[in-house]
Amino acid sequence: MTYKQAADQGWQVRKGEKGTHIEFWEVKQRSTEQESEPERNGSESPADENARRLVHRIYTVFNARQIDGISEYQPKNRTPFEAVQAGKRILENSGARIEHDQLDSAFYHRRSDSFHLPPKDAFKDAPGYYDTALHELAHWTGHPSRLNRATLSDSYRFGDLNYAKEELRAELASVFMAAELGIPHDPANHAAYVGSWIKALRDDKNEIFRAAHEASSATDFVLSLGREAARAEAVELAGSETAVREATERHPLENGTLPAIGLEVHRHRAVGPVRQS
């Protein structure tokens with residue numbers, strides 16, 4: 001955090017501590033009023049440049065260990081089971097078409113709008129499966145019916161520049177989603193693309209900022225689908241509870257039970273040992 005942010009909380013950066021400079025970039029829509037010329041980059045069309053502008057700021061920030069008075073950070077640790085359940089829910093809530101029809105490869109197919117993976121048993125562990133699935137889900141967000149990401153629609157073959165840029169966006173988004181969901185991320189699974197990323201970044205110093213921005217948009221899009229599903233479940237549950245309450249008011253309980261009104265209650269049944277996949 002910045003010195004001012006710490007001071008506003010009543011904390012004090014220790015004397016002699018040196019801050020770290022960070023860059024903040026934000027893509028904003030241009031207003032109808034006359035504004036200063038945006039910083040240009042070589043990859044956007046004139047129409048895009050006229051519609052958007054890059055906001056760039058530099059801040060000096062300090063780590064919590066450099067600040068007196070701040071409480072110790074307590075990270076939210078998910079159990080492996082919770083992480084797997086989070087990955088499963090995010091895939092289900094996306095509505096993406098997932099095919100487990102590959103031997104040892106994973107990819108997103110634009111024309112069929114589906115992504116293809118090996119069977120779950122082919123992965124070393126469940127986090128490895130969901131780590132790969134999140135990468136392909138990130139590609140899926142770029143479809144014209146969703147975020148309409150140019151690096152996806154204009155990518156034609158493995159190794160071309162747009163392909164490298166799209167892979168960088170998908171990798172960043174998968175890292176962001178994995179961090180949010182508590183799923184371990186193994187960068188070694190995606191090492192084949194590093195060389196092409198380096199070329200893209202060397203050719204355009206601002207590419208990392210655009211990639212991070214679009215990866216954040218992809219992450220927000222996927223997580224918003226999960227929030228919408230959670231809200232729908234809450235509304236459905238609230239409706240069921242209302243129906244039970246109204247039925248109870250119309251039909252007083254007899255012997256502590258509710259008369260049959262077309263509602264079913266499903267109880268979870270304990271099962272035997274579960275084979276891990």
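Residues numbered from 1 in each chain as written. Predicted model: local features only at pLDDT ≥ 70, side-chain atom pairs only at ≥ 80, totals over all residues. Heavy atoms only, no water.

1. Thoughts on the overall build of the chain
Thinking step 1. Across its full length, the chain carries 8 helices and 7 strands.
Thinking step 2. When each of the 277 residues of the chain is scored for burial, the buried share is 30%.
Thinking step 3. Of the contacts made within the chain by residues no fewer than 6 positions apart, 63% connect residues no fewer than 24 positions apart.
Thinking step 4. Surface summary for the chain: the accessible area is close to 18600 Å², and the carbon and sulfur share equals 52%. (Helix = DSSP H or I, 4+ residues; strand = E, 2+ residues; numbered from the N terminus. Buried < 20%, exposed > 50% of the residue type's maximum accessible area, 1.4 Å probe, protein only. Contact = heavy atoms within 4.5 Å. Areas by Shrake-Rupley, 256 points an atom, 1.4 Å probe, with all protein chains shown as cover.)

2. Notes on the sheet that holds strand β7 (residues 114–116)
Thinking step 1. Pairing within the open sheet is mixed, and its 3 strands lie in the order β5-β7-β6. A single partner strand is all that each edge strand has here, and the edge strands are β5 (97–99) and β6 (107–109). Neighbour-to-neighbour, the strand axes of this sheet turn through a mean angle of 25°, independent of strand direction.
Thinking step 2. Summarising the sheet, β5 and β7 pair through 3 bridges and their orientation is parallel. Note that in β7 the partner of R97 across the bridge is S114. (Pairing = 2+ DSSP bridges. Axes fitted to C-alpha atoms, helices over the stretch in contact; angles between N-to-C directions.)

3. Observations regarding the packing of aromatic side chains
Thinking step 1. Under the definition given, this model contains 4 aromatic pairs.
Thinking step 2. With centroids separated by 4.9 Å and ring planes inclined at 80°, the aromatic side chains of Y129 and Y130 adopt a geometry described as edge-to-face.
Thinking step 3. Looking at Y130, the relative accessible area reads 5%, which means it is buried.
Thinking step 4. Measuring from ring centre to ring centre gives 6.3 Å for W140 and F221, while their planes differ by 55°; the resulting arrangement is tilted. A residue pair is termed long-range when its members are at least 10 positions apart, and W140 in helix α4 (residues 126–140) and F221 in helix α8 (residues 207–250) qualify at 81 residues.
Thinking step 5. Its relative accessible area of 3% is what places W140 among the buried residues. (Phe/Tyr/Trp six-rings, centres within 6.5 Å; stacked < 30°, edge-to-face > 60°.)

4. Topic: α4
Thinking step 1. The terminal C-alpha atoms of α4, which comprises 15 residues, lie 21 Å apart, in line with the 21 Å expected from a rise of 1.5 Å per residue.
Thinking step 2. Taken across its 15 residues, α4 has 13 buried, putting it largely inside the fold.
Thinking step 3. The N-cap of α4, judged by a side-chain oxygen 2.8 Å from the amide nitrogen of G128 a few residues on, is D125. (Expected span 1.5 Å × (residues − 1). Polar contact = N/O pair within 3.5 Å; in protein donor to acceptor, adjacent residues only side chain to side chain.)

5. With respect to the packing of helix α3 (residues 80–94) against α4
Thinking step 1. It is the contact of α3 with α4, at a shortest axis distance of 10 Å, that shows an interaxial angle of 30°. As judged from the angle between their axes, α3 and α4 are roughly parallel. Where α3 crosses over α4, the two elements pack in a sense that is left-handed. Of α4, the residues touching α3 (which contributes V84, G87, K88, I90, L91 and S94) are A126, Y129, Y130, A133, L134, L137 and W140.
Thinking step 2. Of the residues belonging to the contact of α3 with α4, the class tally is 10 nonpolar, 2 polar and 1 charged. (Parallel < 35°, antiparallel > 145°, perpendicular 65-115°, else oblique. Left-handed = near helix turned anticlockwise from the far one by under 90°. Nonpolar A, V, L, I, M, F, W, Y, C, P; charged D, E, K, R; others polar.)

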